[in-house]
Amino acid sequence: MTQNNKMSLTTRIMLGMVTGVFLGLLFQFILGNKEDVLIPLGLFDLAVKGFFVDGLFHIGGQIFIASLKMLVVPLVFISLVCGTCSLSDPKKLGRLGGKSIALYLTTTAIAITVAISLALLVSPGVGYDVPTEAAFDAKQAPTLTQVIINMFPTNPINAMAEGNMLQVIVFALLFGIAMALSGEPGKRVAKVFDDLNTVVLKLVTILMNLAPIGVFCLMAKLFTTIEMGLILGLAKYFFTVLAALFIHALINYSALLKVLTGLSPVTFLTKMKDACMFAFSTSSSSATMPVTLETATKKLGAHNSVASFTVPLGATINMDGTAIMQGVATVFIAQVFAVDLTISDYLMVILTATLASVGTAGVPGVGLIMLAMVLNQVGLPVEGIAIIMGVDRLLDMTRTAVNVTGDCMVTCVVAKSENEFDTHVFNDPNAAKALEKID
Ligand code: ASP
């Protein structure tokens, strides 16, 4: 297949995103001001809503998300088996696990501390009137013991069918170790897995080239229906969460990356653009995983033996952006309901939100469900979630981008510390093109 498109993939995705947002807002405006536009209304509604929004855009967007999700299980399983098997030293696996989990938990704790501090400074909930109809149906959040036990699959095929990533990770690790220990037969199977890996990665590349259309459809549909007016009422909460997300992504990650690896934060953030746009438009770190993995290995230079482990693990247990929303939301809800939280309450929030992020699946909106667990811990009314639900979608998109950036930052740190990092790839601006070539 030849590449006759001069524009870079990033530019094309960006274009898809911007035109999608613009068209969605335009449709929303026209649909909301039908009386003024003097068009036969029934026909217009039918054309815009029926044909475009609920038709073309919906179908295009859903197919795009489905194809991303379709790749997650095969990609994680195959690349993790390859990665584990290629680790020369089995002890390395334990070290990798220890370092990644410690870093993921630490960055999440930092994220929520920043969020709580900023929220206390801004006081987003002071003076906000509680709407009488606020109601939220809290679902049961899993306990930590459940999360740990559930990591071990009784049936790996079932784990794959259900997309239970922690179970798939555990099975792939064990399978990869067994392969490495199996001598000749293990080597033969490893060759097959290496080839499979190449094929699945090609599929990722093909899909990425269709991303501009998928992203356009997702944005156009979302922005036709999203109620931007709600943001005004909750502006203080909304912008405090956004500010905390940006502080964490731009300042905290940059500082950690620089101090722990010496790598350039500017290069890192520039190379994160595509993955962030995928995360933003899908609101799912899980669906973004194929792109995150490609970014970590082909753009940032982390070796597959590390990235194939840290990226899926991060997409499953590392949710810094989500923890930030939960920190600000807790302070907001406490202030709205005039509940005074003590220092130990805040410490409890930091601990619970950090652990909750382990149990938060990387799919849209789960962060809000896990927020119920955090609020319960400190005795705040779960109904408070209903107040912020209306503006959560846009925040979900942004925090998912932060979650994915965190996964890649930790991947770079761990890979660098294990000498499984190619600095030439990291510093090569053309490595960005690696994801675009289909031929
Ligand atoms: N959408 C987020 C993610 O996939 C999770 C959440 O905060 O709801 O990372």
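Up top you'll find the structure we're talking about.
**Focus: the overall build of the chain**
Part 1 of the reasoning: For the chain, the count of helices and strands is 20 helices and zero strands.
Part 2 of the reasoning: Expected size for 439 residues packed as a compact globule is a radius of gyration near 22 Å; at 22 Å, the chain falls within 12% of this value.
Part 3 of the reasoning: In terms of overall dimensions, the chain has C-alpha extents of about 70 × 55 × 45 Å along its principal axes.
Part 4 of the reasoning: Considering only residue pairs separated by 6 or more positions, the chain has 84% of its internal contacts joining residues 24 or more positions apart.
Part 5 of the reasoning: Of the roughly 19,000 Å² of accessible surface on the chain, 68% is carried by carbon and sulfur atoms.
Part 6 of the reasoning: A distance of 11 Å separates the average location of the 26 positive side-chain charges in the chain from that of its 28 negative side-chain charges.

**Observations concerning empty space enclosed by the protein**
Part 1 of the reasoning: Scanning the entire structure with this criterion turns up two cavities of 30 Å³ or more.
Part 2 of the reasoning: Size it by volume and the largest cavity reaches roughly 70 Å³.
Part 3 of the reasoning: Taken together, 16 residues make up the lining of the largest cavity; nearest its centre are Thr322, Ala361, Val363, Asp396 and Asn403.
Part 4 of the reasoning: Only helix H17 (366-377) and helix H19 (392-417) provide two or more residues apiece to the lining of the largest cavity.
Part 5 of the reasoning: No other element matches the four residues that H19 contributes to the lining of the largest cavity.
Part 6 of the reasoning: The wall of the second largest cavity is formed by Ile226, Glu227, Ile231, Gly390, Val391 and Leu394.

**Quick look at the site of the ligand**
Part 1 of the reasoning: In the vicinity of the ligand there are 15 residues, among which Ser285, Thr322, Gly367, Asp396 and Arg399 approach most closely.
Part 2 of the reasoning: Between the ligand and the protein, one listed contact pairs an oxygen atom with a side-chain N or O atom of serine 285 at 2.4 Å.
Part 3 of the reasoning: One of the side-chain N or O atoms of aspartate 396 is found 2.7 Å from a nitrogen atom in the ligand.
Part 4 of the reasoning: In isolation the ligand offers 270 Å² of accessible surface; the protein chains occlude 100% of this area.
Part 5 of the reasoning: At four residues, H19 tops the list of elements feeding residues into the shell around the ligand.
Part 6 of the reasoning: The class makeup of the residues in the shell around the ligand is four nonpolar, nine polar and two charged.

**Here we look at the packing of aromatic side chains**
Any two aromatic rings considered together are summarised by their centre-to-centre distance and by the angle between their planes.
Part 1 of the reasoning: Tallied over the entire structure, the rule returns 14 aromatic pairs.
Part 2 of the reasoning: Taking 6.0 Å as the distance between ring centres and 55 degrees as the angle between the ring planes, the aromatic pair formed by phenylalanine 77 and phenylalanine 175 counts as tilted. Of this pair, phenylalanine 77 sits in helix H3 (residues 41-86) while phenylalanine 175 sits in helix H7 (residues 165-180), and the two are 98 residues apart along the sequence.
Part 3 of the reasoning: Judged by relative accessible area, which is 12%, phenylalanine 77 ranks as buried.
Part 4 of the reasoning: Accessibility expressed as a relative area gives 32% for phenylalanine 175, which makes it partly exposed.
Part 5 of the reasoning: Centroid distance tyrosine 237 to phenylalanine 332: 5.1 Å. Interplanar angle 45 degrees. Geometry classified as tilted. You can see tyrosine 237 sitting in helix H10 (residues 235-261) and its partner phenylalanine 332 sitting in helix H15 (residues 320-336), a full 95 residues away along the chain.
Part 6 of the reasoning: Using a relative accessible area of 1% as the deciding quantity, one classes phenylalanine 332 as buried.

**A few points about the pattern of salt bridges**
Part 1 of the reasoning: In total, this model carries nine salt bridges according to the counting rule given.
Part 2 of the reasoning: In this structure, glutamate 294 and lysine 298 form a salt bridge, with 3.5 Å as the shortest nitrogen-oxygen distance. In this pair, glutamate 294 and lysine 298 both sit in helix H13 (residues 285-299), four residues apart, roughly one turn of the helix.
Part 3 of the reasoning: On the accessibility criterion, lysine 298 (29% relative accessible area) is partly exposed.
Part 4 of the reasoning: For the salt bridge of aspartate 392 with arginine 399, the shortest nitrogen-to-oxygen distance reads 2.9 Å. Both residues of the pair, aspartate 392 and arginine 399, belong to the buried class.
Part 5 of the reasoning: Overlapping salt bridges, with partners in common, bring together Arg95, Lys99 and Glu418 in one network.

What counts and how
- Residues numbered from 1 in each chain as written.
- Predicted model: local features only at pLDDT ≥ 70, side-chain atom pairs only at ≥ 80, totals over all residues.
- Heavy atoms only, no water.
- Helix = DSSP H or I, 4+ residues; strand = E, 2+ residues; numbered from the N terminus.
- Rg over C-alpha atoms; globule rule 2.2 N^0.38 Å.
- Contact = heavy atoms within 4.5 Å.
- Areas by Shrake-Rupley, 256 points an atom, 1.4 Å probe, with all protein chains shown as cover.
- Lys, Arg positive; Asp, Glu negative; His and termini not counted.
- Charge placed at Lys NZ, Arg CZ, Asp CG, Glu CD.
- 1 Å grid on protein atoms, 1.4 Å probe; cavity = no way out; pocket = protein on both sides within 12 Å on 5 of 7 lines; lining within 4 Å.
- Points joined across faces, edges and corners; volume = space filled by probe spheres on them.
- Near = heavy atom within 4 Å.
- Polar contact = N/O pair within 3.5 Å; in protein donor to acceptor, adjacent residues only side chain to side chain.
- Nonpolar A, V, L, I, M, F, W, Y, C, P; charged D, E, K, R; others polar.
- Phe/Tyr/Trp six-rings, centres within 6.5 Å; stacked < 30°, edge-to-face > 60°.
- Buried < 20%, exposed > 50% of the residue type's maximum accessible area, 1.4 Å probe, protein only.
- Salt bridge = Lys/Arg side-chain N within 4 Å of Asp/Glu carboxyl O.

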